[in-house]
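Examination of the molecular architecture
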Amino acid sequence: MKIPSVTCGTHGEQPQTFVCAHIIESLKTDKPKGFWWSRGEDGVWDAVCDACNNLSQEAFEALGPNNIGIVCLGCFEDAAALNEIELE
Ligand SMILES: [Zn+2]
Ligand SMILES: [Zn+2]
């Protein structure tokens, strides 16, 4: 199984991960907003912030695709570290 890669300006070519728009924002502002991660069967990491994690699946999906963005695994780890979350 190969995870599609993205090229990041900071980290170079890395596996892609999916995070909510608020986590992407927190990477820019350095302000933690929560980090609830999971890893799919395909090995792809994803994470959402506290606010998104508190939404029902329905409410979350209603936010649409604009609420989810792709970041590289390096940025994903940076966001986790910002929230003092350790990835397994
Ligand atoms: Zn969010
Ligand atoms: Zn990156």
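Residues numbered from 1 in each chain as written. Chains lettered and ligands numbered in written order. Predicted model: local features only at pLDDT ≥ 70, side-chain atom pairs only at ≥ 80, totals over all residues. Heavy atoms only, no water.

Some points on the coordination of the zinc ion (ligand 1)
Around the zinc ion (ligand 1), the protein supplies Cys20 (SG), His22 (ND1), Cys49 (SG) and Cys52 (SG) as donor atoms, at distances of 2.0 to 2.3 Å. Taken together, the four donor atoms coordinating the zinc ion (ligand 1) span angles of 100 to 114° at the metal, a pattern that classifies the geometry as tetrahedral. As a motif over one chain, the donors of the zinc ion (ligand 1) read C-x1-H-x26-C-x2-C. Placement of cysteine 20 in strand 2 (residues 12-20) and of cysteine 52 in helix 2 (residues 50-53) is noted, with a sequence separation of 32 residues between them. Overall, the relative accessible area of 0% leaves cysteine 20 in the buried class. (Donors = N, O, S within 2.8 Å, 3.2 Å for Na, K, Ca; no water. Tetrahedral: all angles 85-135°; square planar, octahedral: opposite > 155°, others 65-115°. Helix = DSSP H or I, 4+ residues; strand = E, 2+ residues; numbered from the N terminus. Buried < 20%, exposed > 50% of the residue type's maximum accessible area, 1.4 Å probe, protein only.)

Points about the coordination of the zinc ion (ligand 2)
Protein coordination at the zinc ion (ligand 2): the donors are Cys8 (SG), His11 (ND1), Cys72 (SG) and Cys75 (SG), at 2.0 to 2.3 Å from the metal. Geometry at the zinc ion (ligand 2) is tetrahedral, judged from its four donor atoms and the angles of 101 to 116° they form at the metal. Linear spacing of the donor residues for the zinc ion (ligand 2) on their chain is C-x2-H-x60-C-x2-C. Of this pair, cysteine 8 sits in strand 1 (residues 5-8) while cysteine 75 sits in helix 4 (residues 73-82); the two residues are 67 residues apart in sequence, bridging distant segments of the chain. Cysteine 75 carries the same exposure label as cysteine 8, and that label is buried.

Digging into the pairing of strand 1
The alternating pattern of strand 1 places Val6 and Cys8 on a buried face and Ser5 and Thr7 on a face that is not buried. Where strand 1 and strand 2 come together, four bridges link them in antiparallel fashion. If you follow cysteine 8 over to strand 2, its bridge partner there is glycine 12. From the end of strand 1 to the start of strand 2, which pair antiparallel, there are three residues. (Pairing = 2+ DSSP bridges.)

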